[in-house]
Amino acid sequence: MSVSSFTKTGTKSATIVKLDKTIFDAIPENHELIKLNYVAYLANSRDNLAVTKTRGLVRGGGKKPWRQKGTGRARVGSSRSPIWRSGGITFGPTGLENYSHKVSKNSKRRAICQCLSLAKKDNKLIIIDDLAASSKTKDAYKFLTKIGVTKNALLVVENNSTPLKSLSNLSNVKVVGATYINVFDLINCDHLVITKPALIAIEKWLSWEKQ
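Rules and cut-offs
- Residues numbered from 1 in each chain as written.
- Predicted model: local features only at pLDDT ≥ 70, side-chain atom pairs only at ≥ 80, totals over all residues.
- Heavy atoms only, no water.
- Helix = DSSP H or I, 4+ residues; strand = E, 2+ residues; numbered from the N terminus.
- Rg over C-alpha atoms; globule rule 2.2 N^0.38 Å.
- Buried < 20%, exposed > 50% of the residue type's maximum accessible area, 1.4 Å probe, protein only.
- Pairing = 2+ DSSP bridges.
- Arc of directions from axis to C-beta.
- Contact = heavy atoms within 4.5 Å.
- Polar contact = N/O pair within 3.5 Å; in protein donor to acceptor, adjacent residues only side chain to side chain.

Per the secondary structure count, the protein chain includes six helices and six strands. For the protein chain, the N- to C-terminal ordering of α and β elements is β-β-α-α-α-β-α-β-β-α-β-α. For 211 residues, the compact-globule estimate of 2.2 N^0.38 gives 17 Å, and the protein chain exceeds it by more than 25% at 27 Å. Dimensions along the principal axes, computed over C-alpha positions, put the protein chain at roughly 95 × 40 × 30 Å. The proportion of buried residues among the 211 residues of the protein chain is 37%.

Next up on the list: the pairing of strand E3 (residues 125-128). Side chains Leu-125 and Ile-127 of E3 all project onto a buried face; the interleaved residues Ile-126 and Ile-128 project onto the opposite face, where all are buried too. As judged from the two bridges shared by strand E1 (residues 2-6) and E3, these two strands associate in the parallel manner. Across the sheet, the residue bridging to Phe-6 is Ile-128, located in E3. One ladder, built from four bridges, connects E3 with strand E6 (residues 191-195); its direction is parallel.

Across the five residues of strand E4 (residues 153-157), five count as buried, placing the element largely inside the fold. By the alternation rule, side chains of E4 split into Ala-153, Leu-155 and Val-157 and Leu-154 and Val-156, which are all buried.

A word on helix H6 (residues 196-206). For H6, the full list of buried residues reads Ala-198, Leu-199, Ile-202, Glu-203, Trp-205 and Leu-206. Along the axis of H6, the buried positions cluster into a sector of 160°, meaning they face one direction only. Among the exposed residues of H6, those oriented more than 90 degrees off its buried face are Ile-200 and Lys-204. Buried residues along H6 sit in contact with strand E2 (12-18), helix H1 (21-24), helix H3 (105-121), E3, E4 and E6.

As for its position among the elements, Glu-203 is in helix H6. Given a relative accessible area of 19%, Glu-203 falls into the buried group. Not counting chain neighbours up to four residues away, the residues in contact with Glu-203 comprise Lys-18, Leu-19, Asp-20, Ile-23 and Phe-24. A distance of 3.2 Å separates a polar atom in the side chain of Glu-203 from the backbone nitrogen of Asp-20.

So, in C-alpha cells, the structure goes:
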C-alpha cells in the first residue's frame, strides 16, 4: 500500500511512500469503536464546573418564618427550603461528579487505525517530507495551499520536533505529535498532513507486533 508525497517546497516527490496496511487499511470498519472513543474523548475533556448550593449552604433561613401551629398555613422550618423561592437545590451538581470514561489502550489504538484508514479512503491523507525551516506565516500558508490544504488541517509531526512559529497564526491548522493523535481530531479534520518522520513514529506506535 503506497501513497504519493510532497517535498518541502510543495512539489510532488519522486519517491512513493509505503504505508502499513494494518494501520491505513484496517478491515472491517468498526464505526461503533470509533464512536466509543469519540464520546470518551469528549467526556474526559469535560470540565466539571457546575455547582449548586443545598439548603445548608444557602445564606440565611435560620429563623423559623412563622410559628408551627395556629396560622392556617403549612408548617415550615426555614425560608431556604428547596420548595421555596431562593431556597436550596435538591440533588443538584456538587462539582464532585466524575464524567470520565475508561477506554483500554488497545481499543484506543484500534480506533485510531480505523480513523487513519478512513482518512486514506476519503483522500484526506497527505504525506510531506518535512517542514521547511521558515518562521513566516506567509510561507507556511503558501506551502499548505500548494499541497491542496484549503480547510481545517491536522498536521502531525514527530514528537521531539518543535512546530514552526509560522503555523501558530493559522487558525485552520492544528499541530500534534505523532503519538498524541486522537479520534476527535482525526474525525473533524478535512486534511490530514503527516511528515515522514511522524509517519515512522506512528507506524512504530500502532504496530501490533510491538504492543
